[in-house]
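# Inside the fold
Chain by chain, the residues run as shown.
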Amino acid sequence: MKGKEILSPSRTSPAWWREIKKNRAMFLMLLPGVLVLLLYNYLPMFGIIIAFKNFMFYDGNFFTSLFKSEWIGLRNFEFLFKTPDAFVITRNTLLYNLVFITSCTIVSLAFAIMLNEIRSRKLSRFYQGSMFLPYFLSWIVASYLLYSFISPDKGFINMTILKSLGKQPIAWYSEPKYWPYIIVLINGWKWIGNNCIIYLASIIGIDQEFYEAARIDGASRWQQVIHITLPQITPVIIVMFLIFVGRIFNSDLGLFYQVPRNAGMLYPVTQTIDVYVFNSLMRMGDIGMSSAAALYQSVVGFITIVAANYAVRKIDPDSAIF
Amino acid sequence: MGKEQTEFNRLSAVSAKTNAILNIILLGYALVCILPLVLVISVSLTDESTLALYGYRFFPKKFSIYAYEFIFSTGSQVVSAYGITILVTVLGTILSILIMALYAYPISRRDFKYKNFFTFFLIFTMLFNGGMVSTYLIGVNVLKLKDSIWGLIFPYLMNAFWVIILRTFFKTNIPDSLIEAARIDGAGEFTIFFRIVMPLALPGLATIALFATLQYWNDWFLAALYINDPKLVPLPYLLYQVQTSMQYLLQNSSNIGGMSGDILSKMPSEAARMAMVVIGVGPIVLTFPFFQKYLVKGLTVGAIKG
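If you're wondering where the values come from, they're calculated on a predicted model, not measured in any experiment. (Residues numbered from 1 in each chain as written. Chains lettered and ligands numbered in written order. Predicted model: local features only at pLDDT ≥ 70, side-chain atom pairs only at ≥ 80, totals over all residues.)

## Examining the overall build of chain B
Quick reminder of the rule: Helix numbers and strand numbers start at the N terminus; a helix is a DSSP run of H or I with at least 4 residues, a strand a run of E with at least 2. To sort residues by burial, count the other C-beta atoms lying within 10 Å of each one's C-beta; a count of 20 or more means buried, 12 or fewer means exposed, and anything in between means partly exposed. C-beta atoms are built from the backbone.
When helices and strands are counted, chain B shows 15 helices and zero strands. Counting across all 306 residues of chain B, residues that qualify as buried make up 43%.

## Side note on the overall build of chain A
For clarity, the cut-off: For this measure, only C-alpha atoms enter the radius of gyration; the expected value for a globule follows 2.2 Å times N^0.38, where N is the number of residues. Remark: residues whose backbone-derived C-beta atoms lie within 7 Å of one another are considered to be in contact.
Within chain A one finds 16 helices and two strands. The C-alpha atoms of chain A give 27 Å as radius of gyration, which overshoots the globular expectation for 322 residues (20 Å, by more than 25%). For chain A, the spread of C-alpha atoms along the three principal axes comes to 80 × 60 × 30 Å. Per-residue burial over chain A gives 37% buried out of 322 residues. Excluding contacts between residues fewer than 6 apart, the proportion of contacts in chain A whose partners are at least 24 apart in sequence is 65%.

## What to know about unusual backbone geometry
A positive phi angle, near 50 degrees, is found at Asn-262 of chain A, a position not held by glycine. Examined against the element boundaries, Asn-262 of chain A turns out to sit in the loop between helix H13 (253-258) and helix H14 (267-270). The phi dihedral of Lys-144 of chain B falls on the positive side, at around 55 degrees, and the residue is not glycine. One can find Lys-144 of chain B in the loop between helix H7 (131-141) and helix H8 (160-173). A residue is classified by how many C-beta atoms lie within 10 Å of it, and Lys-144 of chain B, with 12 of them, is exposed.

## Quick notes on the interface of chain B and chain A
Each side of the interface is counted separately: chain B has 88 residues, and chain A has 86 residues. It is helix H2 (residues 16-44) of chain B that provides the largest number of residues to the side of chain B that touches chain A, a total of 15 residues.

## Comments concerning helix H7 (residues 121-132) of chain A
All names here are of chain A. Inclusion rule: Here a helix's expected span is defined as the number of its residues, less one, multiplied by 1.5 Å. An arc is given here, and it is the one of the directions from the helix axis to the C-beta atoms.
Over its 12 residues, H7 runs 16 Å from end to end, which matches the ideal 16 Å to within 8%, given 1.5 Å per residue. Those residues of H7 that fall on the buried side of the exposure criterion are Tyr-127, Gln-128, Met-131 and Phe-132. Buried residues in H7, looked at end-on, bunch into an arc of 130 degrees, giving them a common side.

## What about the confidence of the model for chain A?
Residue and element names in this part refer to chain A. Under the convention used in this document: Per-residue confidence from the predictor is reported as pLDDT, a score between 0 and 100.
For chain A, per-residue confidence averages 87 on the pLDDT scale, and 96% of positions sit at 70 or higher. By mean pLDDT, the top-scoring element of chain A is helix H3 (residues 24-46) (93), and the lowest-scoring one is helix H1 (residues 2-7) (47). Confidence drops under a pLDDT of 50 for residues 1-7, and excluding neighbours within four residues, the segment shows two contacts in the predicted structure.

## What about the domain arrangement of chain A?
Residues and elements named next belong to chain A. Note the threshold: In this entry, domain limits derive from an automatic or database-based domain assignment. Classes in brief: Ala, Val, Leu, Ile, Met, Phe, Trp, Tyr, Cys and Pro nonpolar; Asp, Glu, Lys and Arg charged; the others, Gly included, polar.
Here the domain parsing of chain A yields domain 1 (13-71) and domain 2 (77-319). The gap between the C-alpha centroids of domain 1 and domain 2 is 35 Å. At the junction of the two partners, domain 1 supplies five residues and domain 2 supplies five residues. Grouping the amino acids of the side of domain 1 that touches domain 2 by side-chain chemistry returns four nonpolar, one polar and no charged.

## Notes on the packing of helix H6 (residues 84-117) of chain A against H2 of chain B
Spelled out, the test is: Working convention: axes come from line fits to C-alpha atoms, limited for helices to the stretch in contact. Angles between N-to-C directions cover 0 to 180 degrees. Small angles under 35 degrees read as roughly parallel and large ones over 145 as roughly antiparallel, with 65 to 115 read as roughly perpendicular and the rest as oblique. Whether a crossing is left-handed or right-handed is set by the direction in which the near helix is turned from the far one by less than a right angle, anticlockwise for left-handed and clockwise for right-handed.
Relative to each other, H6 of chain A and H2 of chain B sit at 125 degrees, their axes nearing to 10 Å. Considering their axes alone, H6 of chain A and H2 of chain B lie oblique with respect to each other. In this structure, H6 of chain A crosses over H2 of chain B, and the sense of that crossing is left-handed. Only Leu-22, Ile-25, Leu-26 and Tyr-29 of chain B of H2 of chain B make contact with H6 of chain A, whose side of the interface consists of Phe-111, Met-114, Leu-115 and Glu-117 of chain A. Residue composition of the contact of H6 of chain A with H2 of chain B, grouped by class: seven nonpolar, no polar and one charged.

## Quick word on the confidence of the model for chain B
All names here are of chain B. Of the residues in chain B, 86% reach a pLDDT of 70 or more, and the chain-wide mean stands at 84. For the stretch residues 302-306, pLDDT sits under 50, and the model shows 13 contacts to residues farther than four places along the chain or on other chains. For this predicted complex, the interface score ipTM comes out at 0.86, while the overall pTM is 0.87.

## Comments concerning the environment of Leu-202 of chain B
Residue and element names in this part refer to chain B. Structurally, Leu-202 can be placed in helix H11 (residues 202-218). According to the C-beta neighbour criterion, Leu-202 is exposed, with 11 such atoms within 10 Å. For the pair formed by Leu-202 and Phe-169, sequence separation is 33 residues and the distance between their alpha carbons is 10.0 Å.

## Some remarks on helix H12 (residues 221-246) of chain A
All names here are of chain A. Threshold: Bend, in this description, refers to the angle at a residue between axes fitted to the seven residues ending there and the seven starting there.
The end-to-end C-alpha distance of H12, which contains 26 residues, comes to 35 Å, matching closely the 38 Å that a straight helix rising 1.5 Å per residue would cover. Helix geometry: H12 is bent most strongly at Thr-234, by close to 50 degrees, with proline Pro-235 lying one to four residues after it. Within H12 the residues assigned to the buried category are Thr-229, Ile-233, Val-236, Val-239, Met-240, Leu-242 and Gly-246.

## Some thoughts on the nonpolar core
Definition in use: The nonpolar core is taken to be a set of buried Ala, Val, Leu, Ile, Met, Phe, Trp, Tyr and Cys residues joined by way of C-beta atoms within 7 Å.
Core analysis: the biggest nonpolar cluster contains 164 residues, and Met-100, Val-163, Leu-166 and Ile-208 of chain B have the highest contact counts within it. For this core, the leading source of residues is helix H5 (residues 76-108) of chain B, giving 13 residues. Leaving out residues up to four positions away in the same chain, Met-100 of chain B has contacts with Gly-33 of chain A together with Met-158, Asn-159, Trp-162, Val-163, Leu-166 and Ile-208 of chain B.

## Topic: the packing of H6 of chain A against helix H10 (residues 179-204) of chain A
Residue and element names in this part refer to chain A. Running from N to C, H6 and H10 cross one another at 45 degrees; their axes reach a closest spacing of 7 Å. Here H6 is positioned oblique relative to H10, judged by the angle of their axes. Note that H6 runs across H10; the crossing there is right-handed. Residue-level contacts link Tyr-96, Val-99, Phe-100, Ser-103, Cys-104, Val-107, Ser-108, Leu-109, Phe-111, Ala-112, Leu-115 and Asn-116 of H6 to Ile-183, Val-184, Asn-187, Gly-188, Trp-191, Ile-192, Asn-195, Cys-196, Tyr-199, Leu-200 and Ile-203 of H10. Split by residue class, the contact of H6 with H10 holds 17 nonpolar, six polar and no charged.

This is the structure we're talking about:
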């Protein structure tokens, strides 16, 4: 049977064709995924030349338009980096991410240890469930939940709390000074439960013998946390931290666009690279500027994610993505 | 002996006082997570005129379910958006799970010669992307996703990170010997995949399916990029639209015509908005306890073994 196959006309067919035939079931399985990746991920990668062009539609066909559009080199980038926006969006993206990384790690870790220490398993499960809930809600819903508290004319804070204290209502959506805090709090609200559960899972996975040995030596519960729990989960903390750092140039459009309701007065403290790209593309139709900002983000993002992965690989090769 | 035993217990659990303090902190935070939803539910059940007077409160001053009646009688747009969200979520989840599992299986197989190439082909998309502008322009002009239901489904079909989780799951849970045995029995690759691999990988598939469901159900971004046609607007995007004007609720109903001004003036707009939020999160909150367990499993797999 095998010999017959080799003697059949396929002998004259090229080697690559024989390879494909040999693995055809595997290739067929990969095909749909490969097509999706090619069309929605790889094709846009070639589209980044838009950023170096004065893109205009000539005849409705994207590729011929791209080809015919004038090559302007780095001019889009020059325009972008001459605006004050370039600095503001970079600063906002980086600073918010740094604060998110530190605050989320510390608070989630603290909650995870608390959940592990309390005596009632039932209550622990209830707290876990409640903390996890915000992770399941969309940013739109989160923005409505926030709005119900800080709506200027009907919000719970203005109409009930501040009123009962005899204070003037606050125009939340036009006061930039409150928003760095609001953004950090609501981001924590959405993510802490999720991160906490990851840490809790690795705490539960710690070998109980460590604790038994410590108890025999008379270590208090607090000493056990400091000398066993924390050192044992340090690799997980570092890996989570680095994965986060790798995405430091990315921001969640839902958080920065939906939650502040895209209020123009808040831009100085809420506009990140993603918001800027989205607004200049969808609202202003400024392809030159937005494509330059998007490419800038892709390139610096590529560098940080590769660097972060390199660091992860050094610490824990199993957790590295490549 | 007895004293020693209590001493030992003290070391194996926190003291009663510490336990109480920890419980208070955790309960406080649990309430912070739940109460905003309670406030929105309460607002949706409050009479519109009391809302204008007293603002949003945790206990309705005057109870009313008019907002819900209004949405389901006049707001055909809400019903249509709900339908779109359900359709996109069901279709999207099924398709994406199938496509991702079909991709994850070959790259999980040790004997597949090209597994490294295809793994890299996948992972590279996590490292570099064309950015929003290029993706949008190609989505609209080349893939023709504008005002198409595929615009809400196609972009999320492949998630590199989830494929990697599935690959790891296949690798660790499906013994090579089993596949080998099936092959000796004469089973083809697709038979092996659908009859052996998929059933064995059910817990891993369920986790990823839940992630996918959540992503499709909560998505507003794809609608913001690709959808103008009111008939194709999904619920989260409709919620975004009605932030600025309740007019959007009427755009789909041609039969109202000249009466729309009249309806708008009688509309319980505040309560109705919140009622829409409640309808939108309802299915998630109700089914949440059932799939919490699976998600926890998936999260830990994803975080520790990438």
